[in-house]
Amino acid sequence: MAPKTIRRGLLAGLTAAATAVTVVPAASAAQSPPRSQRADQVVTLAARGPEAESKARIRCRVRISDPERTRHHHRRLVKVTGRVWCNHRVDRLRVRVTLYKDRRVYESGWKSDHDRRGIALTVARKCHGREHYKGRVHAHVTFPRRFHPRHRSITVWSDTVYIHRCHRHHH
């Protein structure tokens, strides 16, 4: 099955100039805004299993955060996080996250895990003011045997965010 694509926002003039990415440890997630304030894009993937099983339907939510400013070791960064979370364990989860900064593309490698319910990956790059940023997550789920479909893939895009300046004013 070909990957389904969901796009929100518009970013013109993207070119594939891939460069090394900075992966920010999960400890920096404490700086994220509360979940109720996030404007993440979320899509659900589902598969049906044998009716006799208690987990006859597995749903996985694929989420991409909108790009946001953050700090890591006194560096001003822009980060985007892709997540997959399922209501039951699945055989395999794979994600790849991309951050677009005007005409530059920063892509992570694939991160995968087996027999898990969730997986997350963050990509961050140095912040430059007066630029547009956009995030994308590719997700691939391998459901347990006897589930249909066995494999589901999707691409989810964040909104385009314009960051005027990289530091916040404190009044």
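Refer to the structure above for everything that follows.
Since this is a predicted model, take the numbers as computed values, not measurements. (Residues numbered from 1 in each chain as written. Predicted model: local features only at pLDDT ≥ 70, side-chain atom pairs only at ≥ 80, totals over all residues. Heavy atoms only, no water.)

Trainee: Quick question: what am I supposed to make of the overall build of the chain here?
Mentor: Secondary structure assignment for the chain yields 0 helices and 10 strands. In the chain, the succession of α and β elements from N to C terminus is β-β-β-β-β-β-β-β-β-β. Residue burial in the chain is summarised as follows: out of 171 residues, 43% are buried. Sequence separation of 24 or more characterises 69% of the internal contacts of the chain that already satisfy a separation of 6 or more. (Helix = DSSP H or I, 4+ residues; strand = E, 2+ residues; numbered from the N terminus. Buried < 20%, exposed > 50% of the residue type's maximum accessible area, 1.4 Å probe, protein only. Contact = heavy atoms within 4.5 Å.)

Trainee: Can you help me understand the nonpolar core in this one?
Mentor: One recurring pattern in soluble globular proteins is that nonpolar side chains are buried together. If you look at the biggest cluster of nonpolar residues, it comprises 30 residues, and the most contacted ones within it are Cys60, Val62, Val84, Val90, Val141 and Phe143. Residue assignment for this core shows that the elements contributing at least two residues are strand E2 (41-48), strand E3 (57-64), strand E5 (75-101), strand E7 (111-126), strand E8 (131-142) and strand E9 (151-157). Ranked by the residues each element gives to this core, the list is headed by E5, at 9 residues. Sequence-distant contacts of Val90, that is, excluding residues within four places in its chain, are made with Ile58, Cys60, His114, Asp115, Arg116, Val141, Thr142, Phe143 and Pro144. (Core = buried A, V, L, I, M, F, W, Y, C linked by side-chain atoms within 4.5 Å.)

Trainee: Would you mind showing me how to read unusual backbone geometry here?
Mentor: Residues other than glycine predominantly adopt negative phi, and peptide bonds predominantly adopt the trans conformation. At the junction of His148 and Pro149, the peptide bond is cis and its omega measures out at -10 degrees in the coordinates. Mapped onto the fold, Pro149 is located in the loop between E8 and E9. One non-glycine residue with positive phi stands out, namely Asp102, at about 45 degrees. Taking relative accessible area as the criterion, Asp102 reaches 21% and is therefore assigned partly exposed. Backbone geometry at Asp115 places phi at a positive 55 degrees, although glycine is not the residue there. Take Asp115: it is sitting in strand E7.

Trainee: How should I be thinking about the state of the cysteines in this particular structure?
Mentor: Linking two cysteines covalently via their sulfur atoms produces the bond known as a disulfide. In this structure the tally under the stated criterion is 2 disulfides. In this model, Cys60 is linked to Cys86 through a disulfide, with the two sulfur atoms separated by 2.0 Å. In this structure, the disulfide formed by Cys60 and Cys86 twists by about 105 degrees around the S-S bond and is classed as right-handed. Note that Cys60 is positioned in strand E3 and Cys86 in strand E5, a separation of 26 residues in sequence. With respect to burial, Cys60 and Cys86 carry one shared label: buried. A sulfur-sulfur separation of 2.1 Å characterises the disulfide bridge that pairs Cys127 with Cys166. (Disulfide = S-S within 2.5 Å.)

Trainee: What exactly am I supposed to notice about the pairing of E3 here?
Mentor: In the case of a regular strand, side chains alternate between the two sheet surfaces. Where E2 meets E3, 8 bridges bridge the pair, whose relative direction is antiparallel. Residue Val42 lies in a different strand from E3, and its bridge partner there is Arg63. (Pairing = 2+ DSSP bridges.)

Trainee: How do you make sense of the pattern of salt bridges when you look at a structure like this?
Mentor: Two side chains of opposite charge can pair, provided their charged atoms sit close to one another. Overall, the coordinates contain 5 salt bridges when judged by the stated rule. Residue Arg96 pairs with Glu107 through a salt bridge whose shortest N-O separation is 3.4 Å. You can see Arg96 sitting in strand E5 and its partner Glu107 sitting in strand E6 (residues 104-107), a full 11 residues away along the chain. Given a relative accessible area of 30%, Glu107 falls into the partly exposed group. Across the pair Arg116 and Asp113 runs a salt bridge, and its minimum N-O distance is 3.0 Å. (Salt bridge = Lys/Arg side-chain N within 4 Å of Asp/Glu carboxyl O.)

Trainee: What am I meant to see in the packing of aromatic side chains here?
Mentor: Each pair of aromatic rings is reported with the distance of its centres and the angle of its planes. In total, this model carries 1 aromatic pair according to the counting rule given. Pairing Tyr100 with Trp157 gives two aromatic rings, centres 5.4 Å apart and planes at 25 degrees, and the pair type is stacked. With Tyr100 in strand E5 and Trp157 in strand E9, this pair connects stretches of sequence that are 57 residues apart. With a relative accessible area of 5%, Tyr100 lands in the buried category. Trp157 sits in the buried class, given a relative accessible area of 6%. If you follow Arg94 out to its NZ or CZ, it ends over the ring of Trp110, 4.1 Å from the centre. (Phe/Tyr/Trp six-rings, centres within 6.5 Å; stacked < 30°, edge-to-face > 60°. Lys NZ or Arg CZ within 6 Å of the ring centre and 35° of its normal.)

Coordinates in, geometry out; function isn't part of it.
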